[in-house]
Amino acid sequence: IIFITFPFFSFAHVEHYKDLNKIEFEIYRNNKLIGYHIFTFNKIDDLLEVKSEIKFEIKKLGVLLYDYQVIGTEVYKDGDLIKFNSKTNQNGKSKYVNIKNENGELVVDGSSYKGKAPIEYLIGTWWNHSLVKAPAQISAVSGRIINQKVSFLGKETLNFNGNEINTLHFNFSSTDTNLKKDKKLNTDVWYDEKTLNWVKASFKKKGNWEYKLKSIK
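Residues numbered from 1 in each chain as written. Predicted model: local features only at pLDDT ≥ 70, side-chain atom pairs only at ≥ 80, totals over all residues. Heavy atoms only, no water.

1. A look at the confidence of the model for the protein
What counts, and what does not: Residue-level confidence of the predictor is summarised by pLDDT, bounded by 0 at the bottom and 100 at the top. Should any heavy atoms of two residues lie within 4.5 Å, those residues are considered in contact.
Here the protein shows a mean pLDDT of 91. Residues at 70 or above account for 94%. The low-confidence segment residues 1-12, where pLDDT is below 50, has 30 contacts with residues more than four positions distant or belonging to other chains.

In C-alpha cells, the structure reads:
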C-alpha cells in the first residue's frame, strides 16, 4: 500500500462537487465511439447522491459481440461514503456491489469480495479526485479491493470541443504483482487543474480505450 501526498489536492473533498449536476463522457475503443458514462449529482438535505450509468456495445460487421451496462449509486455525508450499490450486466454475466458504512468502517458485499475495508478506500468511479490520495480503491463493479500506486505524470493542456483545459495527469497502477494481467490496474486519468473535475481516462485492455469528457453542468 502506497500513500502519496499531492499538495495541489490539499483541499480535496467530496463536498467540492456539491454544485455539480451532471457529467457526461463518451467511451471510445480503438478510436471508435461505442458508448457513454453519465454521472448525475443530487444534493438531498445533508447528503450528496451520485448516480452513475455506463453503457457500451462492441460490434463487428453489425453483429453485437459484447454488451456492458452498469447502474450505481454512491451516497455521501460530510464527505464520507455511507452507502453504495451497483448492478452490472457484463455480456450476460451479472455482478454486483453493496457497501455500507458501519461505525466508520466499510462493509463490502460484492460478487468478488465480501468483508470489511477502511473508510480511506474509495470507490473506483474516477469522478472523485480524492482517489489520487487513497491507498486502495474498491471496484465499483465487483467490490474487489485494488491496492494502488498513484504517479503524477505532469501537467498537460487538452482540447475538448474546441476548449483548452489545463489538466493534471496521473497513472493508477496495481501494487499486487501476483495479479493476472487482465486484473491489474493500469489507467491514466486527467483532472482539470482548476476545478479538479475528471475530464479523461485511458487504458489498454483488448484494445485502446478512452473516456472523453462530452459535457459538464
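Structure shown, so let's carry the discussion forward.
2. Considerations on the packing of aromatic side chains
Inclusion rule: Stacked, tilted and edge-to-face are the three classes applied to pairs of Phe, Tyr and Trp rings, where Trp contributes its six-membered ring and a pair requires centres within 6.5 Å; stacked means planes under 30 degrees apart, edge-to-face means over 60, and tilted covers the rest. By definition, any uninterrupted DSSP run of H or I lasting at least four residues is a helix, any uninterrupted run of E lasting at least two residues is a strand, and each is numbered from the N terminus. Whether a residue is buried, partly exposed or exposed follows from its accessible area with a 1.4 Å probe, protein chains only, as a fraction of its type maximum: under 20%, in between, or over 50%, in that order. Comment: the charge-over-ring label is applied if NZ (Lys) or CZ (Arg) is within 6 Å of the ring centre and within 35 degrees of the ring normal.
Under the definition given, this model contains 15 aromatic pairs. Ring plane angle 65° and centroid distance 5.1 Å describe the contact between Phe56 and Trp209, whose orientation is recorded as edge-to-face. Placement of the pair is Phe56 in strand S3 (residues 47-60) and Trp209 in strand S15 (residues 208-216), with a sequence separation of 153 residues. The exposure classification of Phe56 matches that of Trp209, with both residues buried. Here Tyr76 and Trp127 contribute two aromatic rings whose centre-to-centre distance is 5.9 Å and whose plane-to-plane angle is 85°, an arrangement assigned as edge-to-face. Of this pair, Tyr76 sits in strand S4 (residues 63-77) while Trp127 sits in the loop between strand S9 (122-123) and strand S10 (136-138), placing them 51 residues apart in sequence. Note on accessibility: Tyr76 and Trp127 belong to one class, buried. A network of ring pairs unites the aromatic residues Phe25, Phe39, Phe56, Tyr66, Tyr68, Trp198, Phe203, Trp209 and Tyr211 as a single cluster. In this structure, Lys212 packs its charged tip against the face of Tyr28, placed 4.8 Å from the ring centre.

3. Let's talk about the side chain of Glu24
Residue placement: Glu24 occurs in strand S1 (residues 22-29). Judged by its relative accessible area of 16%, Glu24 falls in the buried class.

4. Regarding the pattern of salt bridges
As a reminder, the rule being used: Salt bridge, as used here: a side-chain nitrogen of Lys or Arg that lies within 4 Å of a carboxyl oxygen of Asp or Glu.
Following the criterion strictly, the structure yields 11 salt bridges and no others. A cluster of three or more residues bridged by salt bridges with shared partners is formed by Lys55, Glu57, Lys59 and Asp67.

5. Observations regarding the pairing of S4
Rules: For two strands to be treated as a pair, DSSP must find no fewer than two bridges joining them.
Judged from the 14 bridges that link them, S3 and S4 form a sheet pairing that is antiparallel. Looking at the pairing, Lys59 lines up with Leu64 of S4. The antiparallel pairing of S3 with S4 creates a hairpin that spans two residues between the two strands, and Leu61 there sits at a positive phi of about 55°. Here S4 runs beside strand S5 (residues 80-90); their pairing, made up of 10 bridges, is antiparallel. What sits directly across from Gln69, in S5, is Asn89. Hairpin remark: S4 followed by S5, antiparallel, with two residues in the connecting loop; positive phi at Asp78, about 55°.

6. Brief notes about the nonpolar core
Stated formally: Definition used in this section: a nonpolar core is a set of buried Ala, Val, Leu, Ile, Met, Phe, Trp, Tyr and Cys residues joined via side-chain atoms within 4.5 Å.
Grouped together as the largest cluster of nonpolar side chains are 54 residues, with contacts concentrated most on Ile99, Phe172 and Trp198. With residues up to four places along the chain from it excluded, the contact list for Trp198 reads Phe25, His37, Phe39, Thr125, Trp126, Trp127, Val189, Trp190, Tyr191, Tyr211 and Leu213.

7. A look at the layout of surface pockets
Going by this rule: Here a cavity means grid points, on a 1 Å grid over the protein atoms only, where a 1.4 Å probe fits yet cannot get out; a pocket means an open set of points with protein on both sides within 12 Å along at least five of seven lines; lining residues are those with an atom within 4 Å of a point. Grid points are joined across faces, edges and corners, and a volume is the space filled by probe spheres set on the points. Residues are grouped as follows: nonpolar covers Ala, Val, Leu, Ile, Met, Phe, Trp, Tyr, Cys and Pro; charged covers Asp, Glu, Lys and Arg; every other residue, Gly included, is treated as polar.
Here the largest pocket defines a volume of roughly 1700 Å³. Together, 48 residues line the largest pocket, and Tyr68, Asp182, Thr187, Phe203 and Lys205 are the ones closest to its centre. When contributions to the lining of the largest pocket are tallied by element, the ones reaching two or more residues are S1, S3, S4, S5, strand S13 (186-192), strand S14 (198-204) and S15. Split by residue class, the lining of the largest pocket holds 19 nonpolar, 17 polar and 12 charged.

8. Thoughts on unusual backbone geometry
You will see that Asn103, though not glycine, has its phi angle at about 55°, which is positive. By secondary structure assignment, the location of Asn103 is in the loop between strand S6 (93-102) and strand S7 (105-110). Asn103 gets classed as exposed once you look at its relative accessible area, which sits at 85%.

9. Some words on a positive patch on the surface
Heads up, the condition is: Patches draw on residues past 30% relative accessible area with no salt bridge. Two like charges within 9 Å are joined, as are two nonpolar side chains (Val, Leu, Ile, Met, Phe, Trp, Tyr) within 5 Å. For accessible areas, the Shrake-Rupley method is used with a probe of radius 1.4 Å. Any residue's cover is judged against the shown protein chains and nothing else. Here the positive residues are Lys and Arg and the negative ones are Asp and Glu; neither His nor the chain ends is included. Taken as the charge location is NZ of Lys, CZ of Arg, CG of Asp or CD of Glu.
A surface patch of positive charge is lined by Lys93, Lys180, Lys183, Lys205 and Lys206. Structurally, Lys205 is set in the loop between S14 and S15.

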